[in-house]
Amino acid sequence: DTWRYAFEEAMDEVQGKFAQKFKEEIEANSDHEIQLFPFGTLGESADTMEQAQSGILQFVDQSPGFTGALIPEAQVFFVPYLLPQDEEQLASFFKNSKAINELFPPLYAEQGLELLTMFPEGEVMMTTAEAVTGPDDLDEVKFRVMTNPLLVESYRAFGATPTPLPWGEVYGALQTGIIQGQENPAFFIESTKMYEVTDHITRTGHNNFTTAVMANKDFYDGLSEEDQTVIADAIDAAFDYIIDYQKGLTEESLEKIKEAKPSITITTLSDEERQPFMDTADSVEQEFLEIGGDQAQEILDQLKADLEAAADS
Amino acid sequence: MPSPAIDDDIDDAGYVSGLPGVLGVVDAAVARIEAVLLAVGVLLMALNTIANVVGRYLLSQSLFFSEELNQALIVLITFAGISYAARHGRHIRMSAFFDAAPPRLRKAMMVVIAAVTAAAMFLLAWYAVQYVSAQASRGRLLPALQIPVWWIIVWAPLGFFLTGLQYALTAIKNMIHKDIWLSTSTLEGYDDTGEEEV
Amino acid sequence: MTLAIFGTMILLLLAGFPMMIPLIAGSLIGFVALFGGMGQLDTMVQQILGGIRPASLIAVPMFIFAADIMTRGQSASRLIDLVMAFVGHLKGGLAVSTAAACTLFGAVSGSTQATVVAVGGPLRPRMLRAGYGDSFSLALIVNASDIAFLIPPSIGMIIYGVVSGTSISELFIAGIGPGVLILVLFSIYSWLYARRHDVPTEPRASWPERGRAMRRALWPLGFPVIIVGGIYGGIFSPTEAAAACVLYALILEMVVFREMSVKQLYATAKSTGLITAVVFILVGAGAAFSYVISFAQIPQQVLGGIGIDEMGQYGVLFTISIAFFVGCMFVDPIVVILILVPIFAPVVDSVGLDPVLVGTIITLQVAIGSATPPFGCDIFTAIAVFKRPYAEVVKGTPPFILMLLSVAVLLIFFPQIALFLRDLAFDK
Ligand code: NA
Ligand code: NA
């Protein structure tokens, strides 16, 4: 059969790399064929999600931030300073987390989706017009964030003026100065050329961009056990591949940025400088518990336990 | 020559429904509501957009719902408008070949065009109902407004249905009346703009 | 399937169906063929709704609204009087000014459709009065508005930059050369047109007359300040600038000039809503149609068989030009870029083409395609706003398309038209 797989990024970005590896594995180990649909070719994020729910698409990659409108618990990944920045710790967490592998799947199932995996896409960094060393530097800074209540709350707590803006307008708005900041992983800042219109990149370590791959549930349940195994193996292979692919990707992307624009400053905040940002995390966590759905508390507690386990291992 | 925009305003008070009796009264009322929705939708859109700018600069506070509200309004305007446009024969068509045909053929073509268009609109209305109810059952919320998504798209099935109705009536009107009707209230060649109809 | 779809669409269009029907029929056939029945037509509705929702499209109704208020009141005519005081005595002066105004406004607003209404709305009546033919005026407005794509900021270039990993700043600068070249060509053509049709000139205005025109236009000169200053100054997004223009227009016409009543405001808003609806339903239906093309991977199939890997640089550039030109005649430019750029990326890379040059050529083709029959979105915007028949809007187009295509060919053989400024700015 031909299976269709849509994702939210371009072919050469992290989600695209994952999808290509998945396709390669499936096609090598079965008679099925995978067609890939990158960002925008079948509509916006919410559209491809609905198409996966209705079975037009068999697979979809959507980040929990967008899924939050359907599954409020998924927004937990926006609580700042929850996830560690250490790549190995992260990988082990995503692989073994009970929250991800046991608590989330039923929530996705309620929406007609089989959660196949979640994986990290890289440390989220701030790009700004002025240098940032603490929340004071974000005062009055119009900062573009996705329209997610928790992100908005985070940046408000950081002292910025969170400003919603459709993605297509971000580059222009940074250039003319309507907004003075935005956040994204390094590879994305590089591939979307965001660095051309910004002067400072600050690593505050507040988050790691997370994304999830799902299948349409009826489709998945209707598959033979053999096919389900092929899919599970392909997902595992793609997961290992993408973790490996990302090793050093952040540094590489930052180097490319530095090379293309030598005047840019890239600053990693010290633990001390991060502390005032970290102090705001509690308020966002509270907000999550309020809007994160019935299982918000359970998910948050389990995630924290899983993270501890990952740190110990 | 006066500016073209002014004399082409549609006079809603002078609108006569193509339908008889009570149906006509209902139809005229629907027409009035469509007109009000169009005007109010556009005004609200301007107000909303300006308020967002004012908020951002004077209050350091962006209106997070601004974009979603504009989305809601554009859906409202589009779907109130397609029915209103059908009513007044204002949909865009490429009429060069049509206009060159002899009157009897034109009339027959108008019946076919109106009937097929009506069928397409009813079909879309039906699937729009499906789409809206699927949205309602999934319970997706608009992230900023925190209201269900289906609230802002419920105009789609309604707009398709009312548009289909207008075209169906146009087909019938062309069958039972002489002359060629672009819509239930607009005769072909009827010149309410001082210019050609489109 | 591909032939059945395009054939049906053209047939329905020519038969005089409302223009949404060919697009809807094309999508319907596609959905039914792809999914073996009507089961997935709710996704077609999803795409129609998705097509009209993008935030950047809101600028279109806002500029329609502002332009309509200005035209009904005094703002527009005072601004145009000012222009005429300076160029009215020159052969073709008004046409050249219109082209220049479209370029400037389009450059800043980034929206070709908004330009058609905001500049064309007030200027077309004046061109007619001055003796220019309507199909010439319409074609000039529609095509000059498309220069908007080439001059920064350009949403098309941003999308291309992201999809292809090309520097957006370099693309922006590379677009200026061809953009200006097109404006020059249009100006020469306008001048020739005015000479051949002997469009009368006005007597040269004296400096006191020009001063008077300037004073009368003092308030309305706030519009260019809001738009150009507001957007480049980082105060507004183009959409917000449009809304600010609405507010400013309302203040001028209702308070300063006392030209507009509340009742007229209502009528203007309603008329704006109506124009918006008839254009947006086409944008929505076009999105559903784009979905079919994208989902069925029709471009991949069509391009798969032509052996592009065997071609040299020129062959690749011509193929790209033709593919984008044809694509944009039927499908929304942004979607065309999203689908086609990744298909061509490997071969662009392997024959060693400069991605900035390719991006500029693609952007130019996209601009041409948006003004090209049958489904160029600027054409139906012009039809809705000016209430002129399709045939008449399209009639004057060929010379303009010819000029645009020659720029495309020039660009292929003389890439420096685009790259000269880029190399200068980026030390290459
Ligand atoms: Na532009
Ligand atoms: Na087009």
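Not measured: the values here are computed from a predicted model.

Asker: Is there a simple way to think about the UniProt feature "transmembrane region" (unreviewed entry) in chain C in this case?
Answerer: All names here are of chain C. UniProt tags residues 50-70, 136-160, 172-194, 241-260, 272-296, 316-344, 356-386 and 398-421 as "transmembrane region" (unreviewed entry). Counting secondary structure, residues 136-160 comes out at 64% helix and 0% strand; the distance between its end C-alpha atoms is 32 Å. Measuring from the first to the last C-alpha atom of residues 172-194 gives 33 Å, for a span that is 100% helix and 0% strand.

Asker: Honestly, the packing of helix 4 (residues 59-72) of chain C against helix 14 (residues 238-256) of chain C in this entry has me stumped. Any pointers?
Answerer: The relative placement of two packed helices comes down to the angle between their axes together with the axis-to-axis distance. All names here are of chain C. Close contact between helix 4 and helix 14 brings their axes to 8 Å; oriented N to C, the two are set at 20 degrees. Considering the angle they form, helix 4 stands roughly parallel to helix 14. As helix 4 runs across helix 14, the sense of the crossing is left-handed. Between helix 4, through Ala59, Met62, Phe63, Phe65, Ala66, Ile69 and Met70, and helix 14, the contact on the second element is made entirely by Pro238, Thr239, Ala242, Ala243, Cys245, Val246, Ala249, Leu250 and Glu253. A per-class count over the contact of helix 4 with helix 14 returns 14 nonpolar, one polar and one charged.

Asker: Please explain the environment of C:Val119 as it appears in this structure.
Answerer: Residue and element names in this part refer to chain C. If you trace the backbone, Val119 turns up in the loop between helix 7 (112-118) and helix 8 (120-130). Owing to a relative accessible area of 8%, Val119 belongs among the buried residues under this scheme. Sequence separation between Val119 and Gly133 is 14 residues, and the spatial gap between their C-alpha atoms is 17 Å. The residues contacting Val119, other than those within four sequence positions of it, are Thr98, Ala101, Cys102 and Phe105.

Asker: Please explain the interface of chain B and chain C as it appears in this structure.
Answerer: In many reports, interface size means the accessible area that the parts give up when they come together. Listed per partner, the contact involves 65 residues of chain B and 66 residues of chain C. Carbon and sulfur atoms supply 76% of the area that chain B and chain C bury against each other, a total of about 5800 Å² over both sides. Inspection of the region where chain B meets chain C yields two salt bridges. Joining chain B to chain C, the criterion identifies 10 residue pairs in polar contact (both at pLDDT 80 or more). At the level of secondary structure, the elements contributing two or more residues to the side of chain B that touches chain C comprise helix 1 (21-58), helix 2 (66-87), helix 3 (96-100), helix 4 (103-138) and helix 6 (155-176) of chain B. In terms of residue count, helix 1 of chain B provides more of the side of chain B that touches chain C than any other element does, 14 residues in total.

Asker: What is the right way to look at the interface of chain A and chain B in this model?
Answerer: Each partner contributes to the interface: chain A provides 21 residues, whereas chain B provides 16 residues. The contact between chain A and chain B buries some 1600 Å² in all, and 54% of this surface belongs to carbon and sulfur atoms. The largest share of the area that chain A buries against chain B comes from A:Glu50, A:Ala69 and A:Thr147, three residues that together contribute 31% of it. At the boundary of chain A with chain B, the tally comes to one salt bridge. Here B:Arg140 ties to A:Glu50 by a salt bridge, and the two come within 3.0 Å at their closest N and O atoms. Here chain A is connected to chain B by five residue pairs in polar contact (both at pLDDT 80 or more). Grouping the amino acids of the side of chain A that touches chain B by side-chain chemistry returns 11 nonpolar, six polar and four charged.

Asker: Before we go on, may I ask you to explain empty space enclosed by the protein in this structure?
Answerer: In this approach the atoms are scanned with a rolling probe the size of a water molecule, which exposes any empty space left behind. By the definition in use, this model includes nine cavities of 30 Å³ or more. Counted as a void, the largest cavity has a volume near 240 Å³. Elements represented by at least two residues in the lining of the largest cavity include exactly helix 1 and helix 2 of chain B together with helix 14 of chain C. Ranked by residues supplied to the lining of the largest cavity, first place goes to helix 2 of chain B with four residues. Residue composition of the lining of the largest cavity, grouped by class: six nonpolar, seven polar and five charged.

Asker: So what exactly am I meant to see when it comes to the UniProt feature "transmembrane region" (unreviewed entry) in chain B here?
Answerer: Residue and element names in this part refer to chain B. According to UniProt, the feature "transmembrane region" (unreviewed entry) maps to residues 35-57, 69-87, 108-129 and 149-169 in the numbering used here. Its end C-alpha atoms 27 Å apart, residues 69-87 is made of 100% helix and 0% strand. Across residues 149-169 one finds 90% helix and 0% strand; the C-alpha atoms that close the span lie 32 Å apart.

Rules used in this analysis
- All residue numbers here refer to positions counted from 1 along the written sequence of the relevant chain.
- As a convention, the first chain written is A and the first ligand written is 1, with the rest following in written order.
- With the structure being a predicted model, the display of local features is reserved for residues of pLDDT at least 70 and the display and counting of side-chain atom pairs for 80 or more, all residues being used for whole-chain, interface and lining totals.
- Side-chain metrics in this entry use all non-hydrogen atoms of the structure; hydrogen atoms and water are not considered.
- UniProt positions are given in the numbering used here, feature names are shortened, and annotations may be inferred rather than shown by experiment.
- Numbered from the N terminus, helices here are DSSP runs of H or I no shorter than four residues, and strands are runs of E no shorter than two.
- Angular values range over 0 to 180 degrees, each being the angle between N-to-C directions of two axes fitted as lines to C-alpha atoms, with helices fitted over their stretch in contact.
- Working rule for angles: under 35 degrees goes down as roughly parallel, over 145 as roughly antiparallel, 65 to 115 as roughly perpendicular, anything else as oblique.
- Helix crossings fall into two classes, left-handed where the near helix is turned counterclockwise from the far one by less than a right angle and right-handed where it is turned clockwise.
- Contact between two residues is taken to exist if any of their heavy atoms lie within 4.5 Å; hydrogens are not considered.
- Note on residue classes: Ala, Val, Leu, Ile, Met, Phe, Trp, Tyr, Cys and Pro are nonpolar, Asp, Glu, Lys and Arg are charged, and everything else, Gly too, is polar.
- The buried label goes to any residue with under 20% of its type's maximum accessible area, the exposed label to any with over 50%, and the partly exposed label to all in between, with areas taken from a 1.4 Å probe on protein chains only.
- Take the accessible area each of two parts loses on contact, using a 1.4 Å probe, and add the two losses: that sum is the buried area.
- One side-chain nitrogen of Lys or Arg within 4 Å of one carboxyl oxygen of Asp or Glu is enough to make a salt bridge.
- N or O atoms closer than or at 3.5 Å make up a polar contact, with two conditions inside protein: a donor-capable atom paired with an acceptor-capable one, and, for residues adjacent in sequence, both atoms drawn from side chains.
- Using only the protein atoms, space was sampled on a 1 Å grid; points where a 1.4 Å probe fits but cannot get out form cavities, open sets with protein on both sides within 12 Å along at least five of seven lines form pockets, and lining residues are those with an atom within 4 Å of a point.
- Grid points are joined across faces, edges and corners, and a volume is the space filled by probe spheres set on the points.

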